Amino acid sequence: MSPEIATGESFAFRLSMMRPGTFIYHSHMNDVVQLSGGLYGPLIVLPPDESFDAEHDHPMVFGWRRPAPQGLEDVELNGRHEQPSKATTVGERHRFRVINIAPAGMVSAWLMRDGEPLPIRLLAKDGADLPAHQQVEVDELPEIGVGETADFTWTPTAPGTYEIRVGFAPEFSFAQTWVVTEKPPTGNGPVGGLHRSTRAGPSGRDHALGAQPSACSLAATVWTSSRTRSRFPLQSLPISSSE
């Protein structure tokens, strides 16, 4: 338990993580109100010799934006409704870390093209890599419950426009558009372009849909197994490899 933290003050938590993986931090006081107010975020633990690669590593945090949601407008992905488009090239491997921090409900994820699901490869569950024989291709991520995480990878094999969808069902989910192009002959083409939504406010929430920003902006902390690596706001994903 932390001490009481006054407005404008901070408190630093220091801990040693037992293994690399995808984890979550969140409040445990008046849970539904604080979680729907944005008091949570991904906790990414890296091996000691790795740095976070924001071009190819993508936290996808599903949560509520208000208690007792009645529709998709009352939930959010990465603190917003409208998702920023991305660009990559054929052969670039991307990792997606799906986190369900909603107070209730099950969520899944899909890779879609022209309305049809395409294979994704399962990688990890609840902060631990799956055994090799379970790292298989599936057409949808198995549902994850409250407080669960699941990682999958996607390596585009053909140019085109794709969607990563996260939510309750493909037709009831948040979509992120991915534009895939051929890799330039030099091998130095653009990858993973990040375009910030012009409709998002300072907390990353979509004000055009009438929602108020959270008291706390969604943020993530990246750790190595032995010490912290860096802290960054999720909506812009700047990464420093300095310690």
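### A closer look at the environment of Val-98
Part 1 of the reasoning: On the secondary structure map, Val-98 appears in strand β6 (residues 94-100).
Part 2 of the reasoning: Counting along the chain gives 10 residues from Val-98 to Ser-108, while the straight-line C-alpha distance between them is 8.2 Å.
Part 3 of the reasoning: Those residues in contact with Val-98 that lie beyond four places of it in its chain are Met-60, Ala-109, Leu-141, Ile-144, Glu-148, Thr-149, Ala-150, Phe-152 and Val-166.

### Focus on a nonpolar patch on the surface
Part 1 of the reasoning: On the surface, a nonpolar cluster with roughly 380 Å² of combined accessible area is contributed by Ile-5, Phe-11, Phe-13 and Leu-15.
Part 2 of the reasoning: In this fold, Leu-15 is placed in the segment before β1 (21-26).

### Points about the pattern of salt bridges
Part 1 of the reasoning: All chains considered together, the criterion is met by 10 salt bridges.
Part 2 of the reasoning: The salt bridge involving Arg-95 is made with Asp-151; its shortest N-O contact spans 2.7 Å. Residue Arg-95 is located in strand β6, and its partner Asp-151 is located in strand β12 (residues 149-154); the two are separated by 56 residues in the primary sequence. Exposure class is identical for Arg-95 and Asp-151. Each is buried.

### Some remarks on the pairing of strand β7 (residues 108-113)
Part 1 of the reasoning: Burial runs high along β7: five of the six residues are buried.
Part 2 of the reasoning: Both β7 and strand β13 (residues 160-169) contribute to a ladder of five bridges, which runs antiparallel. Bridge assignment links Trp-110 to a residue of β13, and that residue is Arg-165.
Part 3 of the reasoning: In terms of strand pairing, β7 meets strand β8 (residues 116-118) through three bridges, oriented antiparallel. Paired with Arg-113 across the strands is Glu-116, a residue of β8.
Part 4 of the reasoning: In sequence, β7 turns back onto β8 through a hairpin of two residues, with Asp-114 there showing a positive phi of about 55°.

### Section: the confidence of the model for the protein
When pLDDT drops low, the exact placement of atoms in the prediction is not to be read closely.
Part 1 of the reasoning: Of all residues in the protein, 76% attain a pLDDT of 70 or more, and the chain-wide mean is 81.
Part 2 of the reasoning: Contacts from residues 191-219, a stretch scored under 50 in pLDDT, to residues over four places away or in other chains number 88 contacts.

### Some remarks on the side chain of Thr-22
Part 1 of the reasoning: Counting through the fold element by element, Thr-22 comes out in strand β1.
Part 2 of the reasoning: Assessed through its relative accessible area of 2%, Thr-22 is described here as buried.
Part 3 of the reasoning: Those residues in contact with Thr-22, other than ones at most four positions away along the chain, are Leu-43, Ile-44, Arg-95, Arg-97, Ile-99, Asp-126, Gly-127, Thr-149 and Asp-151.

### Observations regarding the side chain of Glu-92
Part 1 of the reasoning: Here Glu-92 lies in the loop between β5 (86-89) and β6.
Part 2 of the reasoning: Among the polar contacts made by the side chain of Glu-92, one reaches the side chain of His-56 at a distance of 2.9 Å.

### What to know about the packing of aromatic side chains
To describe a pair of aromatic rings, you give the distance between the ring centres and the angle between the ring planes.
Part 1 of the reasoning: Summed over all chains, the structure comprises eight aromatic pairs.
Part 2 of the reasoning: Judged by centre distance (5.0 Å) and plane angle (15°), the ring pair of Phe-96 and Phe-152 falls under stacked. Here Phe-152 lies in strand β12 and Phe-96 lies in strand β6, a separation of 56 residues in the sequence.
Part 3 of the reasoning: Judged by its relative accessible area of 0%, Phe-152 falls in the buried class.
Part 4 of the reasoning: Ring centres 5.8 Å apart and planes at 85° place the aromatic pair Trp-154 and Trp-178 in the edge-to-face group. A residue pair is termed long-range when its members are at least 10 positions apart, and Trp-154 in strand β12 and Trp-178 in strand β14 (residues 172-181) qualify at 24 residues. Each member of the pair, Trp-154 as well as Trp-178, carries the same accessibility label: buried.
Part 5 of the reasoning: Three or more aromatic residues link up through ring pairs in this structure, and these residues are Phe-96, Phe-152, Trp-154, Tyr-162 and Trp-178.

### A word on the pairing of strand β2 (residues 40-46)
Part 1 of the reasoning: When you tally the buried positions in β2, you get seven out of seven residues, the bulk of the element.
Part 2 of the reasoning: Relative to β2, β1 is paired through six bridges, and the arrangement is antiparallel. Bridging from a neighbouring strand, Thr-22 pairs with Ile-44 of β2.

Reading guide: rules and limits
- Numbering of residues starts from 1 in each chain and follows the order in which that chain's sequence is written.
- Local features in this predicted model are restricted to residues of pLDDT 70 or higher, and side-chain atom pairs are both shown and tallied only at a pLDDT of 80 or more, whereas totals for entire chains, interfaces and linings draw on every residue.
- Values shown for side chains rest on all heavy atoms present in the structure; no hydrogens or waters enter the calculation.
- The helix count covers DSSP runs of H or I at least four residues long, the strand count covers runs of E at least two residues long, and both are numbered beginning at the N terminus.
- Only heavy atoms matter for contacts: two residues are in contact if any of them lie within 4.5 Å across the pair.
- Each patch groups residues whose relative accessible area exceeds 30% and which form no salt bridge, using 9 Å between like charges and 5 Å between nonpolar side chains of Val, Leu, Ile, Met, Phe, Trp and Tyr.
- Note that accessible areas follow from Shrake-Rupley with a 1.4 Å probe, and for residues the cover is restricted to the protein chains shown.
- In what follows, salt bridge is the name for a side-chain nitrogen of Lys or Arg lying within 4 Å of a carboxyl oxygen of Asp or Glu.
- Exposure categories follow from relative accessible area, calculated using a 1.4 Å probe and restricted to protein chains: below 20% of the type maximum is buried, above 50% is exposed, and the middle band is partly exposed.
- Pairing between two strands requires that DSSP report at least two bridges joining them.
- Per-residue confidence from the predictor is reported as pLDDT, a score between 0 and 100.
- We call two N or O atoms a polar contact when they sit within 3.5 Å, provided that within protein one can donate a hydrogen and the other can accept it, with sequence-adjacent residues counted only if both atoms are side-chain atoms.
- Two rings from Phe, Tyr or Trp (for Trp, the six-membered ring) form a pair when their centres sit within 6.5 Å of each other. Planes less than 30 degrees apart are called stacked, planes more than 60 degrees apart edge-to-face, and all others tilted.

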